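Reading the structure
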Amino acid sequence: MLVVGLTGGIGSGKSTIAGEFKRLGAYIIDADKIARKILSPQTNAGKKIVNYFGKQILYKRNATVYINRKKLSRIVFFDRKKLKKLNELMHPLIINQIKKEIRILKRNTKLPGQIIMVDAPLLFETGLNVFMDKIIVISVSRACQIERIKKRNGLNKKEILQRINKQWPLRKKIEYADYLVDNSKNRQKTRKKVEHVWQKLFNLE
């Protein structure tokens, strides 16, 4: 059973590509979903984050208290020290949970030819890449990247570029990629590329 890392820059369309691989039969482990579960005021990590950043990052909905991820994101992306602290609190827990889910899938899945795919935007930045058998990097033009983030997050160009520059440059990620998926084109062309990569991965099993 192969463990494959799927990554790319912010706005590259990782969720869309992961969905295509899931359609083909991959087991998807979503690092962002894991992070959202950890980033709760009820978890130990969440309590530490609230203690460090203050109650200003909290909001209430239907009597339940949540951490405002957008507000927290704005705070850390303008302060390198605070970003470092958040990463120290979050990344080890996310990595441990991903490794745990990989172990469970390997132990419980008996079907031949199955592929575990770890959808992680910070695959290289967190060192998760060392646990992968193969790595897929999603490439996208800078203009396309900026436009997608504008539509999705409502950020201005300065804020978008700050977020892009916090991650590894795409060219550096591509150096470590086993496969590339260009997601700048239309959906049909992207789907064909995904299917091509899937066939190559499946033949390795």
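Here's what I pulled together on the structure shown here. (Residues numbered from 1 in each chain as written. Predicted model: local features only at pLDDT ≥ 70, side-chain atom pairs only at ≥ 80, totals over all residues. Heavy atoms only, no water.)

Here we look at the nonpolar core
Where a protein is soluble and globular, its nonpolar side chains tend to be buried together. Let me state the cut-off plainly: The set of buried Ala, Val, Leu, Ile, Met, Phe, Trp, Tyr and Cys residues whose side-chain atoms join them within 4.5 Å is what this entry labels a nonpolar core. Categorising residues by exposure relies on relative accessible area from a 1.4 Å probe, with only protein chains included: less than 20% of the type maximum marks a residue as buried, more than 50% marks it as exposed, and the intermediate range marks it as partly exposed. Labels follow the DSSP assignment, with helices taken as runs of H or I lasting at least four residues and strands as runs of E lasting at least two, numbered in each case from the N terminus.
The biggest cluster of nonpolar side chains holds 35 residues, and the ones touching the most others in it are Ile49, Leu72 and Ile98. Those elements that place two or more of their residues in this core are helix 2 (31-38), helix 3 (44-53), helix 4 (69-76), helix 5 (80-108), strand 5 (115-119) and strand 6 (134-139). Among the elements that line this core, the one with the most residues is helix 5, at nine residues. Judged by nonpolar contacts, the second largest core, of 17 residues, contains Leu6, Tyr179, Val181 and Trp198.

Some details on the side chain of His91
We apply this condition: For this analysis, residues touch if any pair of their heavy atoms sits within 4.5 Å.
As for its placement among the helices and strands, His91 is situated in helix 5. The exposure class assigned to His91 is buried, which follows from its relative accessible area of 17%. With near-sequence residues (within four places) excluded, His91 lies in contact with Leu122 and Thr126.

Some points on the pattern of salt bridges
Any two side chains of opposite charge can pair, given that their charged atoms come close. Note the cut-off: Between Lys or Arg on one side and Asp or Glu on the other, a salt bridge is scored when a side-chain nitrogen of the former is within 4 Å of a carboxyl oxygen of the latter.
Evaluation of the coordinates by the stated rule reveals eight salt bridges. In this structure, Glu88 and Lys84 form a salt bridge, with 2.6 Å as the shortest nitrogen-oxygen distance. Highlighted residues: Glu88 and Lys84, both in helix 5, separated by four residues, approximately one helical turn. A residue is classified by how much of its surface remains accessible, and Glu88, at 44% relative accessible area, is partly exposed. On the accessibility criterion, Lys84 (52% relative accessible area) is exposed. The shortest N-O distance in the salt bridge between Glu125 and Lys173 comes to 3.8 Å. A residue pair is termed long-range when its members are at least 10 positions apart, and Glu125 in the loop between strand 5 and strand 6 and Lys173 in helix 8 (residues 170-175) qualify at 48 residues. Several salt bridges converge on common partners, so that one network encompasses Glu20, Arg23, Arg187, Arg191 and Glu195.

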